[in-house]
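Notes for the structure review
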Amino acid sequence: MGGVRQAGAVGAVAAGLVAWHVVPAAVWLPGARRRLWPALDGQGDPGRVALTFDDGPDPVTTPLFLRALDRLSVRATFFVLGERLARAPGLGRAIVAEGHELAVHGWRHDRPWTPRPLRDVREVAGAAELVADVAGRRPLWYRPPYGVLTGGRWAAARAAGLRTVLWSVWGRDWTSTATPDGVRAEVARGLRGGATVLLHDSDAMCAPGSWRAALDALPGVVADCRARGLVVGRLAEHGVHGGRDLRDVGDGDGPAGRAGG
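Residues numbered from 1 in each chain as written. Predicted model: local features only at pLDDT ≥ 70, side-chain atom pairs only at ≥ 80, totals over all residues. Heavy atoms only, no water.

This part covers helix α5 (residues 89–97). For α5, the full list of buried residues reads Leu91, Gly92, Ile95 and Val96. Looking straight down α5, one finds that the buried residues subtend no more than 145° of arc, so they occupy a single side. One or two steps after α5, the chain reaches Gly99, where phi turns positive at roughly 95°. (Buried < 20%, exposed > 50% of the residue type's maximum accessible area, 1.4 Å probe, protein only. Helix = DSSP H or I, 4+ residues; strand = E, 2+ residues; numbered from the N terminus. Arc of directions from axis to C-beta.)

This is the structure:
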């Protein structure tokens with residue numbers, strides 16, 4: 001009987017670990033996130049739109065986005081990968097020098113198939129420290145690769161003092177079939193005041209050459225925002241405050257917390 005009880009206890013611990021790992025990933029579902037975790041969805045000032053880019057910095061493509069943003073008089077937030085920033089710290093400093101904001105996208109862009117809490121803490125902290133060194137200030141934001149927020153990533157972001165922000169609308173600019181018109185239309189389909197827009201300034205994790213669709217769509221995306229009277233800018237000025245955020249995921253205040261209880 002003792003062996004059966006011990007096996008049952010081990011099974012319960014394993015099940016609890018798996019639940020802790022995967023349940024927060026439910027916030028990936030846009031509808032639920034928008035209703036229950038508006039801050040995590042990137043909802044901010046209804047008179048503004050936050051423009052964000054993932055997967056850089058890329059020495060070839062990121063400077064093209066910086067020039068385009070300069071022509072448009074827009075400042076944005078770049079969620080960078082630590083391993084890529086480590087190879088191009090000068091480019092990171094250039095992003096900041098031009099008035100943009102650096103945020104953390106993790107150290108590497110991998111899929112969280114299995115729990116690895118210690119590695120998550122180490123890699124998110126390392127990326128945050130590198131961003132702070134390059135930017136001259138601590139980063140504020142974290143966005144997990146693929147937008148999948150596991151228990152380990154959630155805890156790692158909290159430990160590093162970062163606030164997790166996903167997105168309200170994307171351009172689907174990572175696909176091999178992406179076109180400038182298609183990216184612009186995809187953003188416009190979900191565009192509203194207070195939204196956070198996700199695009200990519202690199203094809204390192206996307207279809208080769210897909211960055212061109214995002215780059216060429218930029219003027220139209222910004223024009224659509226301004227036509228609605230919306231100011232386009234960085235997350236730092238977006239006012240993503242109040243309501244539930246990642247601290248509530250798994251803490252008993254929302255579906256993840258209730259499932260865990």
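Anyway, onward from the coordinates.
Secondary-structure assignment places Thr179 in the loop between β6 (169–170) and α8 (180–190). Residues Thr179 and Trp211, 32 residues apart in the sequence, show an inter-C-alpha distance of 9.6 Å. Side-chain polar atoms of Thr179 contact the backbone nitrogen of Gly182, separated by 3.0 Å. (Polar contact = N/O pair within 3.5 Å; in protein donor to acceptor, adjacent residues only side chain to side chain.)

Right, let's get into the pairing of strand β3 (residues 101–104). Residues of β3 alternate between two faces, with Glu101 and Ala103 on one and Leu102 and Val104 on the opposite face, all of them buried. Where strand β2 (residues 77–80) and β3 come together, four bridges link them in parallel fashion. Across the sheet, residue Phe79 finds its bridge partner in β3, namely Ala103. (Pairing = 2+ DSSP bridges.)

In this section: the pattern of salt bridges. A complete count under the given rule lists 13 salt bridges for this structure. Asp54 serves as the salt-bridge partner of Arg143, at 2.8 Å between the closest nitrogen and oxygen. Placement of the pair is Arg143 in the loop between β4 (141–142) and α7 (151–159) and Asp54 in strand β1 (residues 48–56), with a sequence separation of 89 residues. Asp54 carries the same exposure label as Arg143, and that label is buried. Each member of the salt-bridge network shares a partner with another, and the members are Arg108, Asp110, Arg116, Arg119, Asp120, Glu123 and Arg153. (Salt bridge = Lys/Arg side-chain N within 4 Å of Asp/Glu carboxyl O.)

Following the criterion strictly, the structure yields four aromatic pairs and no others. Taking the centre distance of 5.1 Å and the plane angle of 20° together, the rings of Phe53 and Phe78 count as stacked. You can see Phe53 sitting in strand β1 and its partner Phe78 sitting in strand β2, a full 25 residues away along the chain. The class for Phe53 is buried, based on a relative accessible area of 0%. Relative to Trp170, the ring of Trp167 has its centre 5.5 Å away and its plane inclined at 25°; by these criteria the two rings are stacked. What links up through ring pairs into an aromatic cluster is the set Phe53, Phe65 and Phe78. Its guanidinium or amino end placed over the ring of Phe79, Arg143 lies 4.2 Å from that ring's centre, counting from NZ or CZ. (Phe/Tyr/Trp six-rings, centres within 6.5 Å; stacked < 30°, edge-to-face > 60°. Lys NZ or Arg CZ within 6 Å of the ring centre and 35° of its normal.)

Let's shift gears to the packing of α8 against helix α9 (residues 211–227). Relative orientation and spacing of two packed helices are given, respectively, by the angle between their axes and the distance between those axes. Their axes nearest at 8 Å, the elements α8 and α9 cross at an angle of 40°. Looking at the two axes, α8 sits oblique to α9. As for the relative orientation of α8 and α9, their crossing is right-handed in sense. In this structure, α8 uses Pro180, Val183, Arg184, Val187 and Ala188 to contact α9, whose residues at the interface are Ala213, Asp216, Ala217, Gly220, Val221 and Asp224. Broken down by class, the residue content of the contact of α8 with α9 amounts to seven nonpolar, one polar and three charged. (Axes fitted to C-alpha atoms, helices over the stretch in contact; angles between N-to-C directions. Parallel < 35°, antiparallel > 145°, perpendicular 65-115°, else oblique. Left-handed = near helix turned anticlockwise from the far one by under 90°. Contact = heavy atoms within 4.5 Å. Nonpolar A, V, L, I, M, F, W, Y, C, P; charged D, E, K, R; others polar.)

Turning our eyes to something else, we now look at the confidence of the model for the protein chain. Per-chain confidence: the protein chain averages 84 in pLDDT, with 78% of residues scoring 70 or above. Segment residues 4–23 is flagged for pLDDT under 50; beyond a separation of four residues in sequence, or across chains, it makes 14 contacts in the model. Low pLDDT, under 50, characterises residues 242–261; the predicted model gives this stretch 43 contacts beyond four residues in sequence or across chains. (pLDDT = per-residue confidence, 0-100.)

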